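Residue-level structure breakdown
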Amino acid sequence: YDPQNSFLHRVLERKRGIPISLSIVWAAVARRVKVPCFLCTDMPMHILIRVTTGGGVADDLYVDAFGNKVMDYSELLRFCASLGLSFDEDFVKQGVATAVYARLLRNLRNIYQQAASRPGSQALQCSFLARLAATCSQTIAISASAPALAREVQQVTALRDKVRELLASRPPELELWPA
């Protein structure tokens, strides 16, 4: 996984990203032209955008920005089934804005953890560890306003502290941000 696919400025430059970053861009453009929509942050495995029509869940439209498709309710149900999920209306309810950021940070934490554990130069591993620590700190900072993070904040805090200990024990000549 490439962390660049999570950073909105890089997504816009490269014209590619992961489902959440593409959904953020799609929703921002849609809102700019007055299309009422929001990101379905509680949708497992794959984030969708809900375009509200005023009629409720069964009348709204659902956009998969990554898969480049617009779905009605029956297609949404089939989409959930294709992911092995039984549809739950909570998947498509509107959540707080910080839930989007929390989900993006969760993706980055996983990317940096995997990258830091791969064989490579010690400098590169330290660079990924530093990014992991920073991502954990951001997660902790928004946890008070993101209810979805409440259950994982202790785990993230422990991870951040462990990573900081590892970084503190690195040789001083080892750069954290190699060129």
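Shown above is the structure to which this text applies.
Residues numbered from 1 in each chain as written. Predicted model: local features only at pLDDT ≥ 70, side-chain atom pairs only at ≥ 80, totals over all residues. Heavy atoms only, no water.

1. Points about the packing of aromatic side chains
- If you walk through the whole model with that rule in mind, you get 3 aromatic pairs.
- Seen in terms of ring centroids, phenylalanine 87 and phenylalanine 91 are 6.3 Å apart; in terms of plane orientation they differ by 90°. Their pairing is edge-to-face.
- The exposure class of phenylalanine 87 is partly exposed, given its relative accessible area of 21%.
- Assessed through its relative accessible area of 12%, phenylalanine 91 is described here as buried.
- Seen in terms of ring centroids, tyrosine 112 and phenylalanine 128 are 6.3 Å apart; in terms of plane orientation they differ by 35°. Their pairing is tilted. A residue pair is termed long-range when its members are at least 10 positions apart, and tyrosine 112 in helix α4 (residues 97-117) and phenylalanine 128 in helix α5 (residues 122-142) qualify at 16 residues.
- Residue phenylalanine 128 is classed as buried on the basis of its relative accessible area of 17%.
- The rings of Tyr73, Phe87 and Phe91 are connected pair by pair, giving a single aromatic cluster. (Phe/Tyr/Trp six-rings, centres within 6.5 Å; stacked < 30°, edge-to-face > 60°. Buried < 20%, exposed > 50% of the residue type's maximum accessible area, 1.4 Å probe, protein only. Helix = DSSP H or I, 4+ residues; strand = E, 2+ residues; numbered from the N terminus.)

2. Quick look at the pairing of strand β2 (residues 48-51)
- Burial of the side chains of β2 extends over both faces: Leu48 and Arg50 are buried on one face and Ile49 and Val51 on the other.
- Two strands pair when backbone bridges link them, and strand β1 (residues 37-40) and β2 are joined in this way by 4 bridges, in the antiparallel orientation. The partner of leucine 39 across the bridge, within β2, is isoleucine 49.
- Bridging between β2 and strand β3 (residues 61-64) involves 3 bridges; their strand directions are antiparallel. Paired with arginine 50 across the bridge in β3 is tyrosine 62. (Pairing = 2+ DSSP bridges.)

Shape is all these values report; function is a separate question.
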